[in-house]
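The primary structure of each chain is shown beneath.
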Amino acid sequence: MEGNIIRIDVEKLMLTVNGKVNLAFNTQFNTGDLVALFGPSGAGKTTLLRILAGLVNPDRGVIKMGNTIWFDSDKKINIAPQSRNISLMFQDYALFPNMTVEGNIEYAQPEKDNTAVEELLSVFGLSEFRKRKPNALSGGQRQRVALARAIARKPQLLLLDEPLSALDIDMRVQLQNEILKAHQLSGATTIMVSHDLNEVFRLATQVICIEYGSVNRKGKPEEVFSDNNISGKVQITGQIVRISKQDTVNIVTVITGNNKIIKVIAFDNDIENLNIGDTVLVFSKAFNPIITRLKPG
Amino acid sequence: MDTSFLQTLWVTLKLAVATTAILIVIGLPVAYWLTYSRFRIKPLIEALVSMPMVLPPSVIGYYMLVIYSPRNWFGGWLAETFDVRLAFTFEGVLIASVIFSLPFMVQPLHNGLRLLPDSFREASITLGKSKTVTFFRVLIPNIKTSIITAVALTFAHTIGEFGVVLMVGGNMPGITRVASIAIYDEVQALNFAAANRYALILFIMSFILLATIYSVNKKQEAWKVI
């Protein structure tokens, strides 16, 4: 079974905006999973991706990809990033401005393969932009080029650093499909940094929550983000933006992932542990929800 | 046009072209090292590379003469092994000129590399490419303006050299006599017409080179690139 398991047990002292944080990360998951690393900024998510890519060396620990050791501080093994068979998609995409769309994809190929380039261009809807330079593309198009390039490398491990953070909300929903496509097409294990709950629910098979450098919860998204005793029919996640008192009750205003505002009535004891900025789950048991399609397609 | 005039221009041009050509080969790896190395004594090396910008040319010229002298280690070794003496030769001037113009090549290249997002280099490496492939296919093509700036600046600076050439090369017509020295010479001899010709040519060349630098960098403010 070991051949199908990715094991990570690393420690690294990081300097963050919140001061020194010891990243101590110990987990494992199956190959083929789409894992989301979820948590606040400065928690160590990006550092962890960079450690997996070999761009940052952990202070100690082991990284094992199936039966291959990528890093082992005791045995002094540290495989160079070039030999790790990964693709890291950067937050700023890092497309090379001197190369065309096609050129960027070709560059990533271990061996030149024109048919594969054609395929990637057409799967990601980039055929008509093939001769364009990255500066002449929109944000969504760049993201697609970055994904296509990442897959062209044929990685075992696909690392995505906040792949959708640079895009607006409508675009995000559309491009979530592209990420799924990339994950399925590459057959790789995908690890994605995200702080968008919507994205995590939609895409991830596993979610690992990191806070102050260590894992505090992990599992399937629906297990991690809701208490098991909630059997609500409607569950919406969002962030508290305002808590105001009205007569004997409080009105809690929550903004959801797609920028909708929900007002929830809460009693004093309900809001004891709630603060502005908290990510919360709004659920309802009493009503029968009705579903309707918003947009065609 | 008399022969000595053309000869002087030829020596000037030869020196500038050779200096620039040698410096681009040396400058790119030096700039790469300065940008990406985490070596502890890097600030000392950076200071050393930039020294010619602040030192009087006569100081560099003096040290070059000391190094070239057959009475000292390097000069002695050259004289004994190859029967070569560098003082007051074109090659001697060329070596001094390479050292003297080093910062004018390295600084713009170093700046160009520093301003590139680090993710370019890291993306290329994580895509499995070696540092050399990354350097030639990703880094160099994306600092083209810096390369043009560095080349033009080095060329212009070499043409404008006076002190170092005078100290190391003397003023030997056809060998080490360059335009900037010829101007001084002609003025001393009250030969203003000849001085004027040299001066005008240097003025126009420098103007064209600087105009090139500013126009390739028009997107960014040129002083940031230099």
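The shown structure was predicted, so the numbers you read here are calculated from the model rather than taken from an experiment. (Residues numbered from 1 in each chain as written. Chains lettered and ligands numbered in written order. Predicted model: local features only at pLDDT ≥ 70, side-chain atom pairs only at ≥ 80, totals over all residues. Heavy atoms only, no water.)

What about the overall build of chain B?
And then number 1: Per the secondary structure count, chain B includes 12 helices and 0 strands.
And then number 2: Listing each helix as α and each strand as β along chain B from the N terminus yields α-α-α-α-α-α-α-α-α-α-α-α.
And then number 3: For chain B, the spread of C-alpha atoms along the principal axes amounts to about 65 × 45 × 25 Å.
And then number 4: Within the span of chain B, comprising 226 residues, buried residues form 47% of the whole.
And then number 5: Put simply, 73% of the contacts in chain B that link residues at least 6 apart link residues at least 24 apart.
And then number 6: Counting every atom, chain B has about 11,900 Å² of accessible surface; 69% of that belongs to carbon and sulfur.
And then number 7: Where the 17 positive side-chain charges of chain B centre and where its 11 negative ones centre are 13 Å apart. (Helix = DSSP H or I, 4+ residues; strand = E, 2+ residues; numbered from the N terminus. Buried < 20%, exposed > 50% of the residue type's maximum accessible area, 1.4 Å probe, protein only. Contact = heavy atoms within 4.5 Å. Areas by Shrake-Rupley, 256 points an atom, 1.4 Å probe, with all protein chains shown as cover. Lys, Arg positive; Asp, Glu negative; His and termini not counted. Charge placed at Lys NZ, Arg CZ, Asp CG, Glu CD.)

Digging into helix 2 (residues 101-108) of chain A
And then number 1: Judged by how many residues are buried, helix 2 of chain A sits mostly within the fold: 7 of 8 residues are covered.
And then number 2: Where helix 2 of chain A is buried, its residues contact helix 3 (114-123) and helix 4 (139-152) of chain A together with helix 6 (118-126) and helix 7 (131-139) of chain B.

As for the confidence of the model for chain B
As a general rule, the predicted coordinates of low-pLDDT regions are not to be interpreted in detail.
All names here are of chain B.
And then number 1: Model confidence for chain B is summarised by a mean pLDDT of 90, while 96% of its residues fall at 70 or above.
And then number 2: Between residues 221-226, whose pLDDT stays under 50, and residues either more than four places distant or in other chains, the model counts 15 contacts.
And then number 3: Here the predicted complex scores 0.80 on pTM and 0.81 on ipTM. (pLDDT = per-residue confidence, 0-100.)

Points about the interface of chain B and chain A
A common measure of how large an interface is: the accessible area buried when the components associate.
And then number 1: Tallying the contact residues gives 19 residues for chain B and 21 residues for chain A.
And then number 2: Both faces combined, the contact of chain B with chain A buries some 1,700 Å², and carbon together with sulfur accounts for 62% of it.
And then number 3: Among the residues of chain B in contact with chain A, Glu122(B), Thr126(B) and Leu127(B) are the three that bury the most area, contributing 37% of the side total.
And then number 4: At the boundary of chain B with chain A, the tally comes to 1 salt bridge.
And then number 5: Linking Glu122(B) and Arg50(A) is a salt bridge whose minimum nitrogen-to-oxygen distance equals 2.7 Å. (Buried area = accessible area lost by both parts, 1.4 Å probe. Salt bridge = Lys/Arg side-chain N within 4 Å of Asp/Glu carboxyl O.)

So, the environment of Ala166(A)
And then number 1: In this structure, Ala166(A) sits in the loop between strand 8 (157-161) and helix 5 (169-186).
And then number 2: Taking C-alpha positions, Ala166(A) is 27 Å from Asn275(A), a pair spaced 109 residues apart along the chain.

Re unusual backbone geometry
And then number 1: Even without being glycine, Ala94(A) reaches a positive phi, approximately 50°.
And then number 2: Here Ala94(A) is to be found in the loop between strand 7 (86-89) and helix 2.

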